[in-house]
Amino acid sequence: MIADLIIYNIKKIYTPYLNPPVRGKDMNKIKVIANPFIAVKDGKIIYIGTGSFENYINEKTILHDALNKVCLPGFIDSHSHLVHAGSREDEFALLRKNVSYLDILEAGGGILGTVQKTRKASFEELYMKAEKSLDIMMMHGVIALEAKSGYGLDLETEVKQLKVSNKLNGNHPIYVKSTYMGAHAIPKEFKNNRRKYIDQILSDMKYIKNLGLANSIDVFCENGVFSLNETEEILMSAKELGYTVKLHADEIEPMGGTKLGIKLGATSVDHLMASSNEDIILLGKSNTIANLLPGTSFYLRKKYANARYMIDNNVAISISGDYNPGSCPTENFQLIMHLAANYLKMTSEEILNAVTINPAYHMNIYKNKGSIEKSKDADIILLDIDNLDYLFYHFGINHVSDVFIKGKLVVKDRKVLRSK
Ligand code: NIG
Ligand code: FE
């Protein structure tokens, strides 16, 4: 078969190869191929081999010289709060004075501050800000992203946010999967009537499902936010409507969210900084992925999830960015990967599985994405590094020079290419 793209002169490919979810000790296994070329046709990988690519080319084939760079599957970031207005550097000043994240929220700031700004923002303002963030993420190697709503807390604004993320999916090269997260906080106008707000979420979920704006539901299950019972009620009715479910679990205080997620068959339970050992053992026996977000621990100066104990107990881990204005304001996914190495103490191989095939699994895109394998999408990144370990060691800078998404060059020499 003749390829329309050949990427050649690759130093090494490092890729996951096991069927997901890749769990426990298997997370340390990846495949390494020295000096290969990759042949791509119609956005799909048709061949990975060494030696000559003569048989795969004709005069129309684009030949891309990888200049002896390292090649990885593009990163998949399965937890973000992409679409929002404004920023919260004022709060960062308070965090430095040791005011807590939950106290800021209790005082009407935090998420609720961003809600006010997001309600006022136009669709175009939200779109342009989110698009800019997606560009930065893509320059850092991200090719797929989950994006939650949750800064409207009223139907109109939640729909506005979801329409932004849905429009970006398709208009921007990054694949964007939208999640409805009306259960992110109790809005001010319902402060004294939680029940009424929960009823509103239950009805808005139906509306959003009918519009086809989201297929998954997330709840912030946390002390002072949504209780365990409230979370269960919302996620149970989400499942009845045909949504997949996930939750922010045991982020700040151990609330039992991990156990609830397992019981409900959640695709992932996210954060887990405060999960008990008993919950982690249960997680290792379930199909729910532990989605760890070390950037949040770093920024809020909280403890880190116990990734080593999870791996020892056969848990499947993914690592995500949690990009948001309040607890992790960065689009640099490689910095998040450094934190996974340095603070979660994961190996380079474990992290590679955790930022590619495992998030692809719980986002249900693993048949096409998450590894460099024949017949999958050609989501390929080239990095100016000598070996995989170097990526995690030399931190805070961007090592990615080129990004292909479905065989299309979208970042070249560190610059985003705009399609005409
Ligand atoms: O994942 N935990 C809740 N949501 C975000 C923070 C959102 C915000 O502070 O704006 C998180 O940490
Ligand atoms: Fe989050």
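Below you will find a few notes about this structure. Since the structure is predicted, the reported quantities are computational estimates derived from the model, not experimental observations.

Calculation rules
- Residues numbered from 1 in each chain as written.
- Chains lettered and ligands numbered in written order.
- Predicted model: local features only at pLDDT ≥ 70, side-chain atom pairs only at ≥ 80, totals over all residues.
- Heavy atoms only, no water.
- Near = heavy atom within 4 Å.
- Polar contact = N/O pair within 3.5 Å; in protein donor to acceptor, adjacent residues only side chain to side chain.
- Areas by Shrake-Rupley, 256 points an atom, 1.4 Å probe, with all protein chains shown as cover.
- Nonpolar A, V, L, I, M, F, W, Y, C, P; charged D, E, K, R; others polar.
- Helix = DSSP H or I, 4+ residues; strand = E, 2+ residues; numbered from the N terminus.
- Contact = heavy atoms within 4.5 Å.
- Donors = N, O, S within 2.8 Å, 3.2 Å for Na, K, Ca; no water.
- Buried < 20%, exposed > 50% of the residue type's maximum accessible area, 1.4 Å probe, protein only.

## Concerning the site of ligand 1
And then number 1: Taken together, 15 residues sit near ligand 1, with Arg88, Tyr101, Tyr151, His184 and Ser327 positioned nearest.
And then number 2: Here an oxygen atom of ligand 1 sits 3.3 Å away from a polar atom, N or O, in the side chain of His81.
And then number 3: For ligand 1, an oxygen atom lies 3.2 Å from a polar atom in the side chain of His271.
And then number 4: Protein contact buries 100% of the 320 Å² of open area that ligand 1 shows by itself.
And then number 5: Looking at the shell around ligand 1, its residues break down into four nonpolar, eight polar and three charged.

## A few points about the environment of Ile7
And then number 1: Structurally, Ile7 can be placed in strand β1 (residues 5-8).
And then number 2: Once the C-alpha coordinates of Ile7 and Asp199 are considered, the two residues, 192 residues apart in sequence, prove to be 53 Å apart.
And then number 3: Apart from the residues lying within four places of it in its own chain, the contact partners of Ile7 are Pro36, Phe37, Ile38, His64, Ala66, Ile380, Leu382 and Phe404.

## Some words on the side chain of His184
And then number 1: Considering the arrangement of structural elements, one finds His184 in the loop between β10 (175-183) and α6 (194-211).
And then number 2: For His184, the side chain forms a polar contact with the main-chain oxygen of Gly150, separated by 3.0 Å.
And then number 3: Contacts of His184, omitting those with residues within four sequence positions, involve His81, Ile111, Gly150, Tyr151, Leu153, Phe220, Val225 and Phe226.

## Quick word on the coordination of the iron ion (ligand 2)
Around a metal, the ideal angle is 109.5 degrees if four donors adopt a tetrahedral arrangement and 90 or 180 degrees if six donors adopt an octahedral arrangement.
And then number 1: Ligation of the iron ion (ligand 2) by protein atoms is provided by His79 (NE2), His81 (NE2), His248 (NE2) and Asp322 (OD), these donors lying 2.1 to 2.4 Å from the ion.
And then number 2: Mapped onto the polypeptide sequence, the residues donating to the iron ion (ligand 2) form the spacing pattern H-x1-H-x166-H-x73-D.
And then number 3: Looking at His81, the relative accessible area reads 2%, which means it is buried.

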